[in-house]
Protein chains: 2
Amino acid sequence: MDLPPLTVAAHVMLGHFALRDWTPYELAREMRRNICFFFPRAQSQVYSEPPRLAARGLLVAREEVTGRRRRTVYSITPEGRAALAAWLAAPPAKGPELEAEPIARVMFGPFGCDDDLRQAVASVHASGRRLCETAHRICAEYQAGRAPFQTHIRHRALLHDFLTSFGILMEEWAVRSAARIDAWERENPGEQTEAARRLIAASTAPWRRADLPASAVAAARRGAEAGALSPSRRRRPPARGTRT
Amino acid sequence: MDLPPLTVAAHVMLGHFALRDWTPYELAREMRRNICFFFPRAQSQVYSEPPRLAARGLLVAREEVTGRRRRTVYSITPEGRAALAAWLAAPPAKGPELEAEPIARVMFGPFGCDDDLRQAVASVHASGRRLCETAHRICAEYQAGRAPFQTHIRHRALLHDFLTSFGILMEEWAVRSAARIDAWERENPGEQTEAARRLIAASTAPWRRADLPASAVAAARRGAEAGALSPSRRRRPPARGTRT
DNA sequence: ATATCAATAGTCCGATCCGGAGTAAATGGC
DNA sequence: GCCATTTACTCCGGATCGGACTATTGATAT
């Protein structure tokens, strides 16, 4: 019986069950204040995935009752923990990806008016603000020592760093861009083009290729070699993805 | 005939057809060097969407022949341009979203080994590097004045700023985090916790709420008011999304 | 005691979207 | 004249979305 491999989403759920037991409802709530910022899934998935994981023996379900209402609590099995560890040891299938509708609106800005653009920029600002505020709240929890998984603080700190950086990026980009759009009203086309050219040059400027420490490079190479052998070998080329 | 509203992906395609005519094949290639960084879609979508848009009268198709091979070129119609403008005037459905498998791996890092973590970090670094290199190439095209849509440089500059910032974020986060993981080998648990606590505080520190200029705030409010009235009214609450 | 509301705990389903495999003609280099 | 690459699609199963729907429980107000 050669079951299809688990999806990334399935492994992410499995990871949550490695932390503690959850009912799908609890897990959905938890994911709204965490994962949703870097790996969002629909609520319906949180209900449909655990039964599938249970069917493979990676989770076990138990029914509980409150009055006349039942709820299903899932726990991870040793096989589940093994599957999670195996996934973590394999190289990531893909890097971080953005899905940014407001940025697409900026791209097609020339077909709308400047207020449409300001609106898109404001929505990026709002997202950045939300993310920073959440991160700030979580930061306070860790400082006070009452965050849910204190023992994982080493790892959570890296996570927090990434998310906060991204939140700040969104807020600051929005502020810069809104100012730029306002400036268009005071500039003639030649000045606008010149300013745009300068902005393009300035964005790229701070990029001084920073390399990883040797340890990380070595780990990645080992992972890639191990990962390249286990799954069914590709046909001809190293198969660049089909995403456009 | 009340057709279901177009998806965001459909509008993004429509936007491309506002730029010029494309065959799906050409468009797929174009999207691989642009949109894929902030609004990735599968190649199959690039073939299936244009016929649907054509059925609504937003595009027109024409067949061309090269030898005995046919290709389908799509052009936008006036109705298509109107639909695009209407979409741009409506408030964005959602803010920028991340989908970052490697970051999820960091979250569940405690269930794997440190080399798994280094691998995940390296994949973020590689993504950042790819994005920065692409941005750098595009920057050179604009400075040389031979980029494809020079007339949109005002808008493209904002785009470029966002993407470059994100690329730099990924690279720098990866370098910081790899160094942190290496440091764990020289630290005892107490020191690790202390360093994690400091990192959490330090990430949040640079966040000094920056507000948008009044013009952007006003534009967003107008958009929200207009947008809240047009689509079919929601039942009870302002309907928070079903994403977890 | 009762109406009301928010939170709890799900189910269901159509439409969308992914991603990979497969086909086949045109082109360029040797 | 052959081969690899690029062009130009087509197809399909399975994953995913997201919104509507049901119904119970517990707290708050009347």
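These figures come from a predicted structure and were not determined experimentally. Along each chain, residues carry numbers from 1 onward, in the same order as the chain's sequence is written. All chains are assigned letters beginning with A, and all ligands numbers beginning with 1, in the order in which they are written. Given that the model is predicted, a residue must reach a pLDDT of at least 70 before its local features are reported, and side-chain atom pairs must reach 80 or more before they are shown or counted; all residues, however, enter totals for whole chains, interfaces and linings. The side-chain figures draw on all heavy atoms in the structure; neither hydrogens nor water molecules are used.

Undergrad: What is the right way to look at the packing of helix α1 (residues 8-19) of chain A against helix α4 (residues 78-89) of chain A in this model?
TA: In a packed pair of helices, the relevant descriptors are the angle between the two axes and the axis-to-axis distance. Residues and elements named next belong to chain A. Geometry is summarised by axes, namely lines fitted to C-alpha atoms with helices restricted to the contacting stretch, and by angles between N-to-C directions that run from 0 to 180 degrees. Helix and strand definitions here come from DSSP, where helices need a minimum of 4 consecutive H or I residues and strands a minimum of 2 consecutive E residues; each element is numbered from the N-terminal end. Where α1 contacts α4, the two axes come as close as 10 Å, and the packing angle between them is 125 degrees. Put simply, α1 runs oblique to α4. Relative to α4, α1 is oriented so that their crossing is left-handed. Counting all contacts with α1, which are made through V8, H11, L14, G15 and A18, the residues of α4 involved are G80, R81, A83, L84 and W87. Three classes are used: nonpolar for Ala, Val, Leu, Ile, Met, Phe, Trp, Tyr, Cys and Pro, charged for Asp, Glu, Lys and Arg, and polar for all others, with Gly counted as polar. Residue classes in the contact of α1 with α4 are distributed as six nonpolar, three polar and one charged. For classification, angles of less than 35 degrees are called roughly parallel, those exceeding 145 degrees roughly antiparallel, those between 65 and 115 degrees roughly perpendicular, and all remaining angles oblique. A crossing counts as left-handed when the near helix is turned anticlockwise from the far one by less than a right angle, and as right-handed when that turn is clockwise. In what follows, a contact means two residues having at least one pair of non-hydrogen atoms within 4.5 Å.

Undergrad: Would you take a moment to explain the domain arrangement of chain A for this structure?
TA: Frequently, the measure chosen for interface size is the accessible area that the parts lose on association. Residue and element names in this part refer to chain A. Along its sequence, chain A is organised into domain 1 (8-89) and domain 2 (101-204). Placing the centre of domain 1 and that of domain 2 at their C-alpha centroids yields a distance of 32 Å. Taken together, the contact pairs seven residues of domain 1 with eleven residues of domain 2. When two parts are put together, the accessible area they lose, computed with a 1.4 Å probe and summed over both, is reported as buried area. At the boundary of domain 1 with domain 2, total buried surface from both sides reaches about 760 Å², with 71% on carbon and sulfur atoms. Counting the surface domain 1 buries against domain 2, the share from its top three residues, L19, R33 and F37, is 69%. Note on definitions: salt bridges are taken to be side-chain nitrogens of Lys or Arg within 4 Å of carboxyl oxygens of Asp or Glu. In this assembly, domain 1 and domain 2 are joined by one salt bridge. Between E141 and R33 there is a salt bridge, with the nearest N and O atoms lying 3.8 Å from each other. Boundaries between domains were set according to an automatic or database domain assignment.

Undergrad: What am I meant to see in the pattern of salt bridges here?
TA: Oppositely charged side chains can pair when the atoms bearing their charge come close. A complete count under the given rule lists 44 salt bridges over all chains for this structure. In this structure, A:R129 engages A:E171 in a salt bridge whose closest nitrogen and oxygen atoms are separated by 3.4 Å. With a gap of 42 residues between them, A:R129 in helix α6 (residues 114-143) and A:E171 in helix α7 (residues 153-184) connect regions that are remote in the sequence. Of the two residues, A:R129 and A:E171, neither departs from the other in class, the shared state being buried. Of the charged contacts in the structure, one is a salt bridge between B:R180 and B:E187, with a shortest N-O distance of 2.8 Å. One network of salt bridges, in which partners are shared, links A:R20, A:D21, A:E26, A:R62, A:E64 and A:R71. Using a 1.4 Å probe on the protein chains alone, a residue whose accessible area is under 20% of its type maximum counts as buried, one over 50% counts as exposed, and one in between counts as partly exposed.

Undergrad: Whenever I open this one, the protein's contact with DNA strand D confuses me. Can you help?
TA: We define proximity as follows: a residue is near a molecule or strand when any one of its heavy atoms falls within 4 Å of that partner. For DNA strand D, the set of nearby residues contains 27 residues, the closest of which are A:R68, A:R69, B:R69, B:R70 and B:R243. In DNA strand D, the atoms that sit within 4 Å of the protein are 64% sugar and phosphate, with bases accounting for the remainder. Polar contact is defined as a pair of N or O atoms within 3.5 Å, subject to the rule that within protein one atom must be able to donate a hydrogen and the other to accept it, and that residues adjacent in sequence are counted only when both atoms are side-chain atoms. Residue A:A42 places a main-chain N or O atom 3.0 Å away from a phosphate oxygen belonging to DNA strand D. Within the side chain of B:K94, a nitrogen or oxygen atom sits 3.2 Å from a phosphate oxygen of DNA strand D. Listing elements by their share of the surface near DNA strand D, those giving two or more residues are α3 (43-55) of chain A together with α2 (24-32), α3 (43-55) and β2 (69-76) of chain B.

Undergrad: Just checking my understanding: could you explain the protein's contact with DNA strand C for this structure?
TA: Neighbouring DNA strand C are 26 residues, the closest being A:Y25, A:Y47, A:R69, A:R243 and B:R68. Close to the protein, within 4 Å, the atoms of DNA strand C belong to sugar or phosphate groups at a rate of 69%. Between DNA strand C and A:Y25, the relevant distance is 2.9 Å, taken from a phosphate oxygen to a side-chain nitrogen or oxygen of the residue. In the environment of DNA strand C, a base nitrogen lies 3.0 Å from a nitrogen or oxygen atom belonging to the side chain of B:R69. Among the elements that take part in the surface near DNA strand C, strand β2 (residues 69-76) of chain A stands out by supplying four residues, more than any other. A per-class count over the surface near DNA strand C returns five nonpolar, ten polar and eleven charged.

Undergrad: Where do I start with the packing of aromatic side chains in this structure?
TA: Aromatic rings in a pair are described by how distant their centres are and how their planes are angled relative to each other. In summary, the pairing rule links any two rings of Phe, Tyr or Trp, Trp by its six-membered ring, whose centres are within 6.5 Å, and it sorts them by plane angle into stacked for under 30 degrees, edge-to-face for over 60 and tilted for everything else. Within this structure, the stated rule accounts for five aromatic pairs over all chains. Working rule: Lys NZ or Arg CZ, within 6 Å of ring centre, within 35 degrees of ring normal, means a charge sits over the ring. A:R20 extends its terminal NZ or CZ atom over the ring of A:W22, reaching a point 3.8 Å from the ring centre. Here the basic side chain of B:R105 rests over the ring of A:W87, its NZ or CZ set 4.1 Å away from the ring centre.

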